[in-house]
Amino acid sequence: MGDQDVYDRLSGSQTDGEMGEEKGESEGESEKRGSWTGAESLYQFSSSLRAVVRIRQKYLTMKKRRLELAGLGVVGPVVGAGLFTGAPVRTSPKIFTFEGLTPSSTTTTFSSLLQKRKKKKRSRRVMFPSGGGCRAPVIKEHSRAKNCLFLLCTILFLQVYNAIENLDDHVLRYDLEGLEKTLCREVFGQQGAMEALLAQLRDYLSTYVHNKPLVLSLHGTSGVGKSHVGRLLAGHFRSVVGEPLVLQYFVLHHCPLEDDAWRCARALTILVSETVLRAEEEEKIPVFIFDEAEHLHPELLDALRDLVQSKLSNEYLNAVYLFLSNQGHNHITKHLLHNSSSDSMMTVSEYHGNFVKELTPLLRNTLEMLHPLWAEAELIPLTLLEKGHVTECFLDEMMREGFYPDRTNIERLAGEIEYYPVVWGRVYARTGCKQVVAKVNLL
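Residues numbered from 1 in each chain as written. Predicted model: local features only at pLDDT ≥ 70, side-chain atom pairs only at ≥ 80, totals over all residues. Heavy atoms only, no water.

Within an unreviewed UniProt entry, the label attached to the protein reads Torsin family 4, member Aa, and the organism entered is Oncorhynchus kisutch. The UniProt entry for the protein carries this comment under Subcellular location (unreviewed entry): "Membrane". (UniProt positions renumbered as here; feature names shortened; annotations may be inferred.)

Dropping the structure here:
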């Protein structure tokens with residue numbers, strides 16, 4: 001239904017009502033305003049007319065709002081009708097519709113919205129203090145390198161733990177605790193030297209791979225127990241690594257003549273090479289003990305130096321060389337007689353430590369002048385035996401031979417040994433325990 005038709009229809013309805021009202025009034029005046037039935041029908045017609053007028057006012061108001069939203073003007077009869085009806089202006093929420101919009105206006109509206117959004121985005125900037133400069137915020141990210149570092153630390157810990165376990169297993173194979181008990185029980189007066197010897201063996205035997213062999217040289221005067229220590233070490237290592245991997249070389253027995261020195265040197269080189277090759281196959285460390293090393297010929301010393309400094313293969317680097325000699329005994333005796341201390345508070349280890357620290361440089365200079373082999377060795381000097389140590393030697397030997405350990409008899413035998421003059425309350429024996437076995441056999 002068009003706007004003009006609605007307007008005409010409403011106007012026609014209004015004219016007919018006015019005419020009916022005038023006609024009713026004229027007839028009422030003549031008939032005293034009619035009956036009650038005619039009045040009721042007139043009232044119903046007027047109320048319907050008012051409802052139609054209110055509907056029209058609402059329609060015009062809504063249309064006007066639509067035109068305002070679309071940005072268009074209002075013309076002619078609608079404005080007149082709106083003003084004529086006197087419809088009240090109400091404030092209500094605006095409703096957006098697409099009526100009256102053109103493509104150009106739609107594009108303009110869309111572009112304006114985009115510009116507003118861009119302005120809003122640009123306005124969201126971080127405002128820094130003046131003079132501080134623009135600095136990008138620090139973004140904390142979880143780095144994968146931390147996981148790799150944690151994994152690397154775990155692997156390293158497992159490897160170190162496994163290596164420690166292997167070291168313990170390797171040391172247990174050689175039973176160094178049993179060797180320590182044997183030396184403490186069998187060797188008298190050399191506690192400091194035996195501790196130094198065991199420390200060297202423990203450090204070297206704790207692993208199988210080395211960059212050089214272990215060369216130890218025990219020096220002392222006659223009767224202090226050098227040969228006895230060599231026999232104890234040979235017996236112990238034969239029991240733990242096997243007899244073929246232990247060589248006990250007596251110079252005066254294996255090579256007594258100097259004319260046979262070259263032949264002895266070649267034979268010794270072949271014997272050591274075969275031993276180290278066999279030890280390499282069994283993954284063990286061989287032990288070579290040279291007693292009476294002061295009688296080694298220069299050819300033998302040269303051959304041993306070549307073996308110690310061998311660069312042929314790795315199996316020559318995993319070996320223990322032990323030399324027992326009385327070379328430098330004069331320096332040891334003089335040092336003990338002139339530098340003995342009366343300090344009773346000093347332990348045996350501290351006393352031997354000071355003794356080795358003071359004597360080793362002098363002893364090394366003397367030995368290196370004899371042959372360069374001693375420059376490769378770790379020197380362990382043995383001290384002189386005191387009278388109490390000689391008494392212990394007599395007691396041990398008498399028990400071995402089955403004699404009753406009479407204290408009076410032991411003191412008498414110990415008094416027959418020659419001693420140096422008393423130095424700071426210490427009485428050192430000149431020959432140590434060397435004559436003990438002979439004197440016990442005369443009983």
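A.B. asks: Got a minute to help me understand the overall build of the protein in this structure?
C.D. replies: Assigned secondary structure in the protein consists of 16 helices and 5 strands. The long-range fraction of contacts in the protein, counting pairs at least 24 apart against all pairs at least 6 apart in sequence, stands at 75%. (Helix = DSSP H or I, 4+ residues; strand = E, 2+ residues; numbered from the N terminus. Contact = heavy atoms within 4.5 Å.)

A.B. asks: It is not clear to me how the pattern of salt bridges should be interpreted in this structure. Could you clarify?
C.D. replies: Side chains that differ in sign of charge can pair as their charged atoms come close. Counted under the stated rule, the structure contains 11 salt bridges. A salt bridge links Glu386 to Arg426; the nearest nitrogen and oxygen atoms lie 2.9 Å apart. With Glu386 in the loop between strand 5 (378–381) and helix 14 (387–401) and Arg426 in the loop between helix 15 (407–415) and helix 16 (436–441), the pair connects residues that are 40 residues apart, well separated along the chain. Judged by its relative accessible area of 22%, Glu386 falls in the partly exposed class. The partner of Arg412 in a salt bridge is Glu416, with the nearest N and O atoms 3.3 Å apart. A residue is classified by how much of its surface remains accessible, and Glu416, at 39% relative accessible area, is partly exposed. Taken together, the salt bridges that share partners define one network made up of Arg185, Glu186, Asp396 and Arg400. (Salt bridge = Lys/Arg side-chain N within 4 Å of Asp/Glu carboxyl O. Buried < 20%, exposed > 50% of the residue type's maximum accessible area, 1.4 Å probe, protein only.)

A.B. asks: When you look at the environment of Phe355 in this model, what are you seeing that I'm missing?
C.D. replies: Summarising the element assignment, Phe355 is placed in helix 13 (residues 348–370). Along the sequence, Phe355 and Ile332 sit 23 residues apart, while their C-alpha atoms lie 9.2 Å from each other.

A.B. asks: Which parts of the structure should I look at to understand the nonpolar core?
C.D. replies: The nonpolar side chains of a soluble globular protein tend to be buried with one another. By size, the foremost hydrophobic cluster in this structure holds 50 residues, and its most contacted members are Met194, Leu197, Leu201, Leu205, Leu218, Phe237 and Phe394. Tyr249, Phe290, Leu304 and Trp374 belong to the second-largest nonpolar core, a separate cluster that totals 30 residues. (Core = buried A, V, L, I, M, F, W, Y, C linked by side-chain atoms within 4.5 Å.)

A.B. asks: Explain the packing of aromatic side chains here, please?
C.D. replies: The relative placement of two aromatic rings is captured by the distance of their centres and the angle of their planes. Under the defined criterion, the tally for this structure stands at 4 aromatic pairs. Note on Phe288 and Tyr321: the rings are 5.1 Å apart at their centroids and 25° apart in plane angle, and the pair reads as stacked. Here Phe288, found in strand 3 (residues 287–291), pairs with Tyr321, found in strand 4 (residues 320–325); they are 33 residues apart in sequence, far enough to count as distant. Pair check on accessibility: Phe288 and Tyr321 agree, each one buried. Measuring from ring centre to ring centre gives 5.2 Å for Phe290 and Phe323, while their planes differ by 15°; the resulting arrangement is stacked. Highlighted residues: Phe290 in strand 3 and Phe323 in strand 4, separated in sequence by 33 residues. When sorted by exposure, Phe290 lands in the same class as Phe323, which is buried. (Phe/Tyr/Trp six-rings, centres within 6.5 Å; stacked < 30°, edge-to-face > 60°.)

A.B. asks: Would you take a moment to explain the confidence of the model for the protein for this structure?
C.D. replies: Low pLDDT means the predicted atomic positions in that stretch should not be read closely. Summing up the model confidence of the protein, the mean pLDDT is 77 and the portion of residues at 70 or higher is 68%. Note on residues 73–89: pLDDT under 50 across the span, and 13 contacts to partners over four residues away in sequence or across chains. (pLDDT = per-residue confidence, 0-100.)

A.B. asks: It is not clear to me how the packing of helix 6 (residues 176–186) against helix 7 (residues 191–205) should be interpreted in this structure. Could you clarify?
C.D. replies: Packed helix pairs are specified by the crossing angle of their axes together with the interaxial distance, meaning the distance between the axes. At a closest axis distance of 11 Å, the pairing of helix 6 and helix 7 adopts a crossing angle of 170°. In terms of their interaxial angle, helix 6 and helix 7 are classed as roughly antiparallel. On the side of helix 6, the interface is formed by Leu176, Leu179, Glu180 and Leu183, while helix 7 contributes Met194, Leu197, Leu198, Leu201, Arg202 and Leu205. Among the residues making up the contact of helix 6 with helix 7, the classes are represented as 8 nonpolar, no polar and 2 charged. (Axes fitted to C-alpha atoms, helices over the stretch in contact; angles between N-to-C directions. Parallel < 35°, antiparallel > 145°, perpendicular 65-115°, else oblique. Nonpolar A, V, L, I, M, F, W, Y, C, P; charged D, E, K, R; others polar.)

A.B. asks: Sorry if this is basic, but what is going on with the state of the cysteines here?
C.D. replies: What makes a disulfide is a covalent bond joining the sulfur atoms belonging to two cysteines. Under the criterion given, the structure shown has 2 disulfides. The disulfide bridge from Cys255 ends at Cys264, spanning 2.4 Å between sulfur atoms. Looking down the S-S bond of the Cys255 and Cys264 bridge, the torsion is 95°, so its handedness is right-handed. Across the pair, Cys264 and Cys255 agree in class, each one buried. (Disulfide = S-S within 2.5 Å.)

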